[in-house]
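# Architecture at a glance
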Amino acid sequence: MSTTSTYTVTGMTCGHCVASVREEIEALPGVTDVEVTLDDGSVRVAADRELGRSEVEAAVTEAGYALA
Ligand SMILES: [Cu+2]
């Protein structure tokens, strides 16, 4: 089963921020694709299992940013 969810991350200001967020989310088990857009802070996460918001939130927090 594959799922896609979209979140909004606050606090990203440059390509380095984008890379950090992508890296942390990609490290979550089951995540198959992560697309981060700096302009609006949107993050699209595809996974091959049900992925909870709290898991994504923990990864984003780990990178030093927050979910809106
Ligand atoms: Cu940055």
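Scroll up a little and you will see the structure.
Here we summarise the structure given alongside this text. (Residues numbered from 1 in each chain as written. Predicted model: local features only at pLDDT ≥ 70, side-chain atom pairs only at ≥ 80, totals over all residues. Heavy atoms only, no water.)

### Structural notes on the overall build of the protein
Each helix and strand in the protein was counted, giving two helices and four strands. Each helix and strand of the protein, ordered N terminal to C terminal, gives the series β-α-β-β-α-β. Its C-alpha atoms give the protein a radius of gyration of 11 Å, within 12% of the compact-globule value 11 Å for 68 residues. By its C-alpha atoms, the protein is 35 × 20 × 20 Å across when sized along the principal axes. Sorting the 68 residues of the protein into buried and exposed places 40% on the buried side. Here the contacts in the protein between residues at least 6 apart in sequence split such that 59% fall between residues at least 24 apart. (Helix = DSSP H or I, 4+ residues; strand = E, 2+ residues; numbered from the N terminus. Rg over C-alpha atoms; globule rule 2.2 N^0.38 Å. Buried < 20%, exposed > 50% of the residue type's maximum accessible area, 1.4 Å probe, protein only. Contact = heavy atoms within 4.5 Å.)

### With respect to the sheet that holds strand β1 (residues 3-10)
Taken in spatial order, the four strands make up an open sheet running β2-β3-β1-β4, and their pairing is antiparallel. Of all the strands in the sheet, just β2 (31-36) and β4 (66-67) have a single pairing partner and so form its edges. For β1 and β4, the ladder comprises two bridges, and the chain directions are antiparallel. Paired with V9 across the bridge in β4 is L67. (Pairing = 2+ DSSP bridges.)

### Considerations on the coordination of the copper ion
Here the copper ion is held by the protein donor atoms C14 (SG) and C17 (SG), which lie 2.0 to 2.1 Å from it. The exposure class of C17 is buried, given its relative accessible area of 5%. (Donors = N, O, S within 2.8 Å, 3.2 Å for Na, K, Ca; no water.)

### Some remarks on the pattern of salt bridges
Evaluated as defined, the whole model comprises three salt bridges. With its nearest N and O atoms 3.3 Å apart, the salt bridge here joins R44 to D33. Separated by 11 residues along the polypeptide, R44 in strand β3 (residues 42-47) and D33 in strand β2 bring together distant segments of the chain. Residue classification places R44 among the partly exposed residues on the basis of a relative accessible area of 28%. Take D33: its relative accessible area is 35%, and that puts it in the partly exposed class. In this structure, E55 and R49 form a salt bridge, with 2.7 Å as the shortest nitrogen-oxygen distance. Overall, the relative accessible area of 26% leaves R49 in the partly exposed class. When salt bridges with common partners are traced through the structure, they connect D33, E35 and R44 into a single cluster. (Salt bridge = Lys/Arg side-chain N within 4 Å of Asp/Glu carboxyl O.)

Geometric values such as these leave the question of function open.
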